[in-house]
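The lines below spell out each chain.
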Amino acid sequence: MARETSDKASARERLLAAANELFYGNGVHTVGIDRVIERAGVAKATLYSAFGSKDELIRSYLMSRHAARRAAMQAIEQYETPRERLLAIFDVLGESFGEPDYRGCAFINASAEATPDSPIEEATTEYRDWIRGLFRDLADAAGAAGPDQLARQLVMLYDGAGITTRIDRSKKAAAQAKAAAAVLLDAAIAAA
């Protein structure tokens, strides 16, 4: 029984790894299930047993990207003040831009292909709520006026940096977004 559970977990992990590579590199709807199955080296029945549908595989792929981003954001905890932590979010973002296979935000890319109320939209909304909440909580802890509004502005900078890096191949987008975030944050702190 333990071996069977281990094999299923292994197959699930292989499917997620294949989905991560193929969906992120080529798009969630461009890549068919057969390519994912072939890359993972599993039977079609295994995919449906582990995930139930392609939409659920996509949702799981996005949730694994979300978990990875949350783990990467733990790096901001090394900073002492909420202001420093908030601005360090852009440093973590910039590190992801340096990855050789960087193709933009997985959530923005997948969302562009999603239908309303799909598992893709659900996973994207959960991620977006988390990143906005992270900015809001740090802005509030830093003493900024209007932390909700500031968080929305900072998410726009965050998204814009990713899009600029992807489209313009800018090596400075994260640093530029961080500089703009510092101006917005300091103004909101001063207004409080």
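Each remark here, short or long, concerns the structure printed above.
Residues numbered from 1 in each chain as written. Predicted model: local features only at pLDDT ≥ 70, side-chain atom pairs only at ≥ 80, totals over all residues. Heavy atoms only, no water.

**Student:** Which residues make up the packing of helix H2 (residues 33-40) against helix H3 (residues 44-51), and what values do they have?
**Tutor:** In contact at an axis separation of 9 Å, H2 and H3 are set at 100° when each is read in the N-to-C sense. Considering the angle they form, H2 stands roughly perpendicular to H3. Contact residues: Ile-33, Asp-34, Val-36 and Ile-37 in H2; Lys-44, Leu-47 and Tyr-48 in H3. Within the contact of H2 with H3, the residues separate by chemical class into five nonpolar, no polar and two charged. (Axes fitted to C-alpha atoms, helices over the stretch in contact; angles between N-to-C directions. Helix = DSSP H or I, 4+ residues; strand = E, 2+ residues; numbered from the N terminus. Parallel < 35°, antiparallel > 145°, perpendicular 65-115°, else oblique. Contact = heavy atoms within 4.5 Å. Nonpolar A, V, L, I, M, F, W, Y, C, P; charged D, E, K, R; others polar.)

**Student:** Let's hear about the side chain of Asp-159: which residues, and what values?
**Tutor:** Checked against the element boundaries, Asp-159 lands in helix H8 (residues 147-168). Beyond its immediate sequence surroundings of up to four residues, Asp-159 is in contact with Ile-108 and Arg-128.

**Student:** Explain the side chain of Thr-124 to me, and be specific about the residues and the numbers.
**Tutor:** The residue Thr-124 is located in helix H7 (residues 119-141) in this model. A polar side-chain atom of Thr-124 sits 2.9 Å from the main-chain carbonyl oxygen of Ile-120. (Polar contact = N/O pair within 3.5 Å; in protein donor to acceptor, adjacent residues only side chain to side chain.)

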